[in-house]
Amino acid sequence: MTSSLALLGGKPAVTVAGPHFTWPPIGESTRAMVAAQLDTSVSIAGRSGIVADLEDALQEYFGVRHAVTTSSGTAALHSTYWAAGIQAGDEVIVPAWTFHATASPLFHLRAVPVLCETDPDGNIDPNRVEELITPRTRAIMVTHLWGKPADMSDIVVVADAHGLIVLEDGSHAHGAGIAGRKVGTFGLASAFSLNGPKPLSGGEGGFVLTDDDDTYRRVIMFAHYNKRAKGEIPEGHPLARYAVTGAGLKFRIHPLAAAIALDQLSRLDGYLAGRAEVARHLTGRLAGVPGLKVVEMPDGVVPSWYGLTLTYRPDELGGLSLDRFHQALTAEGASEFDRPGSTCPLNQLALYQQPGVLFPGHPHSHRRYEAGDFPVAERVHAHTIKLPVWHREQDLKLAGQYIRAAIKVSDHHKELL
Ligand SMILES: Cc1ncc(COP(=O)(O)O)c(C=O)c1O
C-alpha cells in the first residue's frame, strides 16, 4: 500500500505556489516613499529629513523621549551598552538563548557576557538571574525571543534589588507589550533591529530608545560623530569637546532604509493585528496535534508573533526524530516550517567558548562555556520548530494547508519510523 505522505510518494498537503512568506510587504506607498527619498537625499549626516521623521515617529509610537537610528540592530546594541556605561571587566547577564548580537558587542567593550538559563519559551529565566550576580555585575539584558515579551516585572524586581541596569533587545518584538506597556520601555534603554524579516523592517537598520537624556547623548556620541554630535550634544556638556570624533565609530542608517521603515511603521499595528488573527487560528488548530506543543501566552502578554514556536514531542510520536518529522513536513510543501539556526544557545558558539582567539586578553578568557551548560535552553532549542506568522486574511488558506500538513505527518508518523 502506498502512503499518503508526500515523503513516501503521496500528494503534498500544500498546493499554494511559493514563496509562502516574504517580508516586509512592499506596496505602492513604500515604493513612493523610497522614490521620493531618492529625489531628496541619499546621505543625511545630521538629525534631519527622513531620519528625523523616522525618529520622531518611533518616539511617538513607543512613547519615549528619544529614538536614535543606527545602521543595524547590532550597532544599536553596541551603542546601548556603551551609552549605559558598560566598561572593561563589567559583567552583563544575558539570556543563554538569543541571537548572538544581543551580547557579542560586549566583547568589543572588554565586558563579560554572563549567560543565564532560560525558561522553556527561550526567554531569560528571572529565577536564575540572582545566582549569577557578582560585585562586577552592572546590567541585565533581556531578549523578547520570537516576539514573546519576557517576564519584565520579575526582572525589574531583581535588578532593582541589586542596583542593576535593565536593558532590552526588542529586535523580535516591535509593538509587543505586557499589560499595555510596550516592549523596549521597561529599562534604561533598548535596542531594536530593522533588518529584513523583523516585525518592523527597513531592510537594514536599527534604533535605540531611551527616556534618559544622558544615555541619549552618549548614544549620539558613540554612533553619530561630527554633525549629529555637534548638533545634539549641548555646549558645556563634558562630552561636547569630543563631538568631531565621537568614540570613533559611525553607525548611520541609510536614508532609503529609513524611508522603508517609516512607511512600514505607519502600518505596524495593522500587521500586528493581522498576525494575531492568523496566530489565533494556527495555535488553536495546532494545539491538539500529537507531537507538537504550542507556545503559551499568559494573560496580558501581547506578542509580535515574529515567529510561532512549537516544541516537538518525540515521545508522543513513538520516538520519531525531529529531523525526520521536519523532512516529512517539507516534503508536504510546508517549507516555512523552520528549525532555528544561528539563533541558538550561545554556549554552543565558538565566540562564547573561546573568545580569547578573536579577543586576546579579554577578561572572559577564563570563563569558557561549552555545550551542555544550559540544559533547558539547549533541550528546547533542539526541539523547536517554528513558523513565520502571516498577516492577511487571504493567508488563512495557506495557514490552513500548513495545519493540514502538520496533522497529516503527525497522524501518519508510524510510516516514518
Ligand atoms: C534578537 C536579535 N538581536 C539583534 C539582532 C541583530 O540585528 P541586525 O541584524 O540588524 O544587526 C538580531 C538579528 O538579526 C536579532 O534577532
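Refer to the structure printed above.
Note that the structure is a prediction, hence the values are computed from the model and not measured.

Asker: What exactly am I supposed to notice about the overall build of the protein chain here?
Answerer: Looking only at helices and strands, one finds 13 helices and 15 strands in the protein chain. Against the compact-globule benchmark of 22 Å for 417 residues, the protein chain has a radius of gyration of 22 Å, which places it among compact chains. Viewed in the frame of its principal axes, the protein chain has a C-alpha envelope of about 80 × 55 × 40 Å. Restricting the contact set of the protein chain to residue pairs at least 6 apart, pairs at least 24 apart contribute 70%. Carbon and sulfur atoms make up 52% of the accessible area of the protein chain, which totals about 17,100 Å². Between the centroid of the 37 positive side chains of the protein chain and the centroid of its 44 negative side chains there is a distance of 5 Å.

Asker: What is the right way to read the side chain of Ser171 from this model?
Answerer: Within the element layout of this structure, Ser171 appears in the loop between β6 (165–169) and β7 (177–178). There is a polar contact of 2.6 Å between the side chain of Ser171 and the side chain of Asp169. Apart from residues lying up to four places away in sequence, Ser171 is in contact with Ala191, Phe192, Ser193, Lys198 and Pro199.

Asker: I keep staring at the pairing of strand β2 (residues 91–95) and nothing clicks. Help me out?
Answerer: Each regular strand carries side chains that alternate between the two faces of the sheet. Burial of β2 is extensive: 5 of the 5 residues sit out of reach of the surface. Neither face of β2 is left uncovered, since the one carrying Glu91, Ile93 and Pro95 and the one carrying Val92 and Val94 both have all their residues buried. Note: β2 against strand β4 (residues 112–116), 5 bridges, orientation parallel. Opposite Pro95, over in β4, you have Cys116 as the bridge partner. Judged from the 3 bridges that link them, β2 and strand β5 (residues 137–143) form a sheet pairing that is parallel. Within β5, the residue paired with Ile93 across the bridge is Ile140.

Asker: What is the right way to read the state of the cysteines from this model?
Answerer: Note on terminology: a disulfide is the covalent bond linking the sulfur atoms of two cysteines. The final tally for this structure, using the stated rule, is 0 disulfides. You can see Cys344 has no disulfide; the closest cysteine sulfur is in Cys116, sitting 17 Å from it.

Asker: I would appreciate a short explanation of the nonpolar core in the present structure.
Answerer: Most often, soluble globular proteins have nonpolar side chains that are buried together. Judged by nonpolar contacts, the single largest core of 60 residues is most densely connected at Tyr81 and Ile86. Two domains share this core, each providing at least three of its residues, namely domain 1 (28–265) and domain 2 (269–416). Ignoring sequence-local partners within four residues, the contact set of Tyr81 consists of Ile86, Val92, Val94, Thr102, Ala103, Pro105, Leu106, Leu109, Met141 and Leu167. Counting residues in hydrophobic clusters, the runner-up holds 38 residues, among them Leu5, Phe21, Leu310 and Leu322.

Asker: How should I be thinking about the layout of surface pockets in this particular structure?
Answerer: Rolling a probe over the atoms, with the probe sized like a water molecule, indicates the empty space that remains. Taken as a whole, the largest pocket holds about 540 Å³ of empty space. Elements with a minimum of two residues in the lining of the largest pocket: α3 (73–83) and β15 (384–387). For the lining of the largest pocket, the per-class residue count stands at 11 nonpolar, 14 polar and 7 charged. When residues of the lining of the largest pocket are assigned to domains, at least three map to each of domain 1 (28–265) and domain 2 (269–416). Every residue lining the second largest pocket is counted, 20 residues in all, and those nearest its centre are Pro120, Asp121, Lys293, Thr311 and Val380. Mapped by element, the contributors of at least two residues to the lining of the second largest pocket are β11 (292–294), β13 (308–312) and α12 (375–382). Element by element, the count of residues in the lining of the second largest pocket is highest for β13, at 3 residues.

Asker: It is not clear to me how the packing of α3 against helix α6 (residues 213–223) should be interpreted in this structure. Could you clarify?
Answerer: When two helices pack together, their arrangement is captured by the angle between the axes and the distance separating the axes. Orientation of α3 relative to α6, taken along the N-to-C sense of each, is 125 degrees, at an axis distance of 8 Å. Classified by the interaxial angle, the pair formed by α3 and α6 is oblique. Note that α3 runs across α6; the crossing there is right-handed. For the pair α3 and α6, contact is made by His78, Ser79, Trp82 and Ala83 and by Thr215, Arg218, Val219, Met221, Phe222 and Ala223, respectively. Classifying every residue of the contact of α3 with α6 gives 6 nonpolar, 3 polar and 1 charged.

Cut-offs used in this document
Residues numbered from 1 in each chain as written. Predicted model: local features only at pLDDT ≥ 70, side-chain atom pairs only at ≥ 80, totals over all residues. Heavy atoms only, no water. Helix = DSSP H or I, 4+ residues; strand = E, 2+ residues; numbered from the N terminus. Rg over C-alpha atoms; globule rule 2.2 N^0.38 Å. Contact = heavy atoms within 4.5 Å. Areas by Shrake-Rupley, 256 points an atom, 1.4 Å probe, with all protein chains shown as cover. Lys, Arg positive; Asp, Glu negative; His and termini not counted. Charge placed at Lys NZ, Arg CZ, Asp CG, Glu CD. Polar contact = N/O pair within 3.5 Å; in protein donor to acceptor, adjacent residues only side chain to side chain. Buried < 20%, exposed > 50% of the residue type's maximum accessible area, 1.4 Å probe, protein only. Pairing = 2+ DSSP bridges. Disulfide = S-S within 2.5 Å. Core = buried A, V, L, I, M, F, W, Y, C linked by side-chain atoms within 4.5 Å. Domains from an automatic or database assignment. 1 Å grid on protein atoms, 1.4 Å probe; cavity = no way out; pocket = protein on both sides within 12 Å on 5 of 7 lines; lining within 4 Å. Points joined across faces, edges and corners; volume = space filled by probe spheres on them. Nonpolar A, V, L, I, M, F, W, Y, C, P; charged D, E, K, R; others polar. Axes fitted to C-alpha atoms, helices over the stretch in contact; angles between N-to-C directions. Parallel < 35°, antiparallel > 145°, perpendicular 65-115°, else oblique. Left-handed = near helix turned anticlockwise from the far one by under 90°.

Limitation: the analysis is restricted to geometry and does not speak to function.
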